[in-house]
Each structure stands twice: as C-alpha cells, then as structure tokens.
Amino acid sequence: MCAHQEKPQGGYHMTGVAWCMLVMGVSLAIIFLLWMWFGYIGPRFSDEVMLEQQRILREQYGFPPAEQLTKEEAEIPPSLRALK
C-alpha cells in the first residue's frame with residue numbers, strides 16, 4: 001500500500017458547468033438590454049398596425065372609413081367589443 005492518495009483524472013468537469021452558467025448569464029443580460037432598448041411594446045403597437053392595415057384596405061376597395069374608437073375601446077379585442 002502506498003501512503004499517498006491519487007487524485008482522480010479529469011478534475012476539470014466543473015468547468016463545463018461554469019461555461020454553461022456563464023453563457024446563460026450573458027444571454028439573459030443581452031435579452032434584458034434589448035428589452036430596455038426597444039422598451040415595452042404592449043397592445044398599442046398591435047392596435048396601430050391593425051388600424052393602419054384596415055385604413056389601407058378600405059381605401060383600396062372603396063369602403064367607407066371605419067368608426068373611430070377611443071384608446072380604451074381599442075385595447076379590447078374585437079370579439080369582446082361586440083358584447084359591450
């Protein structure tokens with residue numbers, strides 16, 4: 001018997017975990033920075049896009065302009081607006 005203990009080979013298996021954690025942290029930081037740069041878009045953006053598309057199509061096919069909605073009404077989905 002020998003008095004010294006042998007160290008296991010491949011003692012660097014934790015570096016893979018550390019690299020994964022680092023990559024995840026950097027990815028989350030990038031996502032957070034992009035969110036701060038673009039900001040919260042919210043339902044207002046979708047409503048503006050939909051109103052612009054409807055306006056263009058109404059002009060293209062000769063339909064009368066749509067009735068104007070308030071900002072509060074515009075955030076309610078059309079399917080639920082009919083129930084009001």
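Residues numbered from 1 in each chain as written. Predicted model: local features only at pLDDT ≥ 70, side-chain atom pairs only at ≥ 80, totals over all residues. Heavy atoms only, no water.

Caption draft 1: Structural context of the overall build of the protein chain. Each helix and strand counted, the protein chain has four helices and zero strands in total. Split into buried and exposed, the 84 residues of the protein chain put 4% on the buried side. Summed over its atoms, the accessible surface of the protein chain is roughly 8500 Å², and 67% of this surface lies on carbon and sulfur atoms. (Helix = DSSP H or I, 4+ residues; strand = E, 2+ residues; numbered from the N terminus. Buried < 20%, exposed > 50% of the residue type's maximum accessible area, 1.4 Å probe, protein only. Areas by Shrake-Rupley, 256 points an atom, 1.4 Å probe, with all protein chains shown as cover.)

Caption draft 2: Expanded view of the layout of surface pockets. Computed from the structure, the largest pocket encloses a volume of approximately 650 Å³. What lines the largest pocket is a set of 23 residues, among which Asp47, Leu51, Glu67, Gln68 and Leu69 lie closest to the centre. Elements supplying a minimum of two residues to the lining of the largest pocket: helix H2 (42-61), helix H3 (71-74) and helix H4 (78-81). Among the elements that make up the lining of the largest pocket, the one with the highest residue count is H2 (10 residues). Of the residues that constitute the lining of the largest pocket, the class distribution is nine nonpolar, three polar and 11 charged. (1 Å grid on protein atoms, 1.4 Å probe; cavity = no way out; pocket = protein on both sides within 12 Å on 5 of 7 lines; lining within 4 Å. Points joined across faces, edges and corners; volume = space filled by probe spheres on them. Nonpolar A, V, L, I, M, F, W, Y, C, P; charged D, E, K, R; others polar.)

Caption draft 3: Representation of the pattern of salt bridges within the structure. Applying the stated criterion across every chain yields a total of two salt bridges. With its nearest N and O atoms 2.5 Å apart, the salt bridge here joins Arg55 to Glu52. Placement of both Arg55 and Glu52 in helix H2 is noted, with a separation of three residues, approximately one turn of the helix. Residue classification places Arg55 among the partly exposed residues on the basis of a relative accessible area of 39%. Residue classification places Glu52 among the partly exposed positions, given a relative accessible area of 36%. Residue Glu59 pairs with Arg55 through a salt bridge whose shortest N-O separation is 2.7 Å. Here Glu59 pairs with Arg55, and both are found in helix H2, just four residues apart, close to one helical turn. (Salt bridge = Lys/Arg side-chain N within 4 Å of Asp/Glu carboxyl O.)

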